[in-house]
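So the chains spell out like this:
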Amino acid sequence: MKKFILAFIAAYIFLFVWGWLLNGVLLKDVYAETPNLWRPQSEMMSLFHWILLGQALIVFAFVMIYVSGFAGGGVIAGVRLGILLEIAAIGMRLGFYAVQPIPGKLLLYGSMSGLIEMIIVGAIVGAIYKPAATQTP
Amino acid sequence: MNWTRFFIAFIAAFIFLFVFGFLWYGTLMQGAHHEVPTLLRPEADFKSYFGWLILGHIVMAFFFTLLCARYVPTGCPGAGALLGTLVGLVYAGPHLISFAVQPLTAKIVSGWIVGAVIQFAVAGAIIGAIYKPGARKTT
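The structure contained in this document is the topic of the report that follows. (Residues numbered from 1 in each chain as written. Chains lettered and ligands numbered in written order. Predicted model: local features only at pLDDT ≥ 70, side-chain atom pairs only at ≥ 80, totals over all residues. Heavy atoms only, no water.)

## Looking at the overall build of chain A
Logical step 1: Secondary structure summary: chain A contains seven helices and zero strands in total.
Logical step 2: Secondary structure elements of chain A occur, N-terminal to C-terminal, as α-α-α-α-α-α-α.
Logical step 3: For chain A, the spread of C-alpha atoms along the principal axes amounts to about 60 × 30 × 20 Å.
Logical step 4: Every one of the 137 residues in chain A was classed for burial, and the buried ones make up 47%.
Logical step 5: The contacts of chain A with a sequence gap of at least 6 include a subset with a gap of at least 24, amounting to 75%.
Logical step 6: Here chain A has roughly 6700 Å² of accessible surface; of this, 74% comes from carbon and sulfur atoms. (Helix = DSSP H or I, 4+ residues; strand = E, 2+ residues; numbered from the N terminus. Buried < 20%, exposed > 50% of the residue type's maximum accessible area, 1.4 Å probe, protein only. Contact = heavy atoms within 4.5 Å. Areas by Shrake-Rupley, 256 points an atom, 1.4 Å probe, with all protein chains shown as cover.)

Okay, structure coming up:
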């Protein structure tokens, strides 16, 4: 349980910082090209807790999947899980791209960064979480 | 890896994901989606992007099937449904984030989240029921 919480917190901190750096700084100008698709800044800030909750849900469910089916494989298993989950998510993004007027480059940058993000999340979780069976002889 | 079973499971998952998506997001939630017309492509525009929707579902079904095959190597509908539920929750997270940054209604986001969890839970159960690595005898 302790390792689960540690893995969750470490991955959450990474996801939060990465999300802020990518969406709040690096891609700021790309988002500005389609203002009609986004809430005004002040409105986003008033709904900021939903971002925190959404990121917590992603990390919690990721760690749960790792713990219940991939634990013991270490960093490699975590990275593998991150890749599989994110490529499936790219499929979902393609679906959104078909129905929402999102710029193609946002889809591309979002998918590339999402893949890097989930690889790192997987590596963090895999490095921290060790199943109890491998801890006791 | 039993590739024959894998391929059958992938096709079944693709069909289910696509049909469920059409019924849930495209039919049941159609009214809710029309509350935010600026966030949607116009009908004619959508038709020209339909190929992306199909490609997206193929990618989603293929990699989700691969994930199930690795997660539940022995094949089991219950374990597949559990994995699907967790995957649905992973994808529900970005929906909550979208609610904070896009002018979506609470009804739409709730529908997306419930839809994602049901969609992947059932798809996981289908894959778990079909994919059986032990079905093919190997020496």
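Don't stop here, the text continues.
## Things to note about the pattern of salt bridges
Residue and element names in this part refer to chain B.
Logical step 1: Throughout the structure, instances matching the rule amount to five salt bridges over all chains.
Logical step 2: The salt bridge partner of D45 is R41, with a shortest N-O separation of 3.5 Å.
Logical step 3: Take R41: its relative accessible area is 11%, and that puts it in the buried class. (Salt bridge = Lys/Arg side-chain N within 4 Å of Asp/Glu carboxyl O.)

## Considering the interface of chain A and chain B
Logical step 1: On the chain B side, the residues contacting the 39 residues of chain A number 38 residues.
Logical step 2: Taking both sides of the interface into account, the surface hidden between chain A and chain B amounts to around 3700 Å²; carbon and sulfur atoms contribute 75%.
Logical step 3: Its largest share of buried area at the contact with chain B, chain A owes to R39, L84 and M92 of chain A, together 15% of the area lost on that side.
Logical step 4: Secondary-structure elements contributing two or more residues to the side of chain A that touches chain B are α4 (48–70) and α5 (74–99) of chain A.
Logical step 5: With 15 residues, the top contributor of residues to the side of chain A that touches chain B is α5 of chain A.
Logical step 6: Its residues assigned to classes, the side of chain A that touches chain B comprises 29 nonpolar, eight polar and two charged. (Buried area = accessible area lost by both parts, 1.4 Å probe. Nonpolar A, V, L, I, M, F, W, Y, C, P; charged D, E, K, R; others polar.)

## With respect to the packing of aromatic side chains
Logical step 1: The tally for this structure, following the rule as stated, stands at 23 aromatic pairs over all chains.
Logical step 2: Here the aromatic rings of F6 of chain B and F62 of chain B are separated by 5.4 Å at their centres, their planes lie at 80 degrees, and the arrangement is edge-to-face. In this pair, F6 of chain B sits in helix α1 (residues 3–28) while F62 of chain B sits in helix α4 (residues 50–71), placing the two residues 56 residues apart along the sequence.
Logical step 3: By relative accessible area, F62 of chain B is classed as partly exposed at 30%.
Logical step 4: Sitting above the plane of the F99 of chain B ring, R39 of chain A keeps its charged end 5.2 Å from the centroid.
Logical step 5: One cation-aromatic arrangement involves R41 of chain B over Y97 of chain A; the distance from NZ or CZ to the ring centre is 5.1 Å. (Phe/Tyr/Trp six-rings, centres within 6.5 Å; stacked < 30°, edge-to-face > 60°. Lys NZ or Arg CZ within 6 Å of the ring centre and 35° of its normal.)

## Quick look at empty space enclosed by the protein
All names here are of chain B.
Logical step 1: A full pass over the atoms with the stated rule returns one cavity of 30 Å³ or more.
Logical step 2: Lining the largest cavity are C68, A69, V72, G75, C76, G80, I127, G128 and Y131.
Logical step 3: Secondary structure elements with two or more residues in the lining of the largest cavity: α4 and α6 (106–130).
Logical step 4: Its residues assigned to classes, the lining of the largest cavity shows six nonpolar, three polar and no charged. (1 Å grid on protein atoms, 1.4 Å probe; cavity = no way out; pocket = protein on both sides within 12 Å on 5 of 7 lines; lining within 4 Å. Points joined across faces, edges and corners; volume = space filled by probe spheres on them.)

## What to know about the packing of helix α1 (residues 2–26) of chain A against α4 of chain A
Residues and elements named next belong to chain A.
Logical step 1: The N-to-C vectors of α1 and α4 enclose an angle of 135 degrees; their axes lie 9 Å apart at closest approach. The orientation of α1 with respect to α4, classified from their angle, is oblique. You can see that α1 and α4 cross each other, and the crossing is right-handed. Where α1 abuts α4, its residues F4, F8, A11, Y12, L15 and F16 lie against F48, L52, Q55, A56, I58, V59, F60, V63, M64 and V67.
Logical step 2: Looking at the contact of α1 with α4 residue by residue, the class counts come to 15 nonpolar, one polar and no charged. (Axes fitted to C-alpha atoms, helices over the stretch in contact; angles between N-to-C directions. Parallel < 35°, antiparallel > 145°, perpendicular 65-115°, else oblique. Left-handed = near helix turned anticlockwise from the far one by under 90°.)

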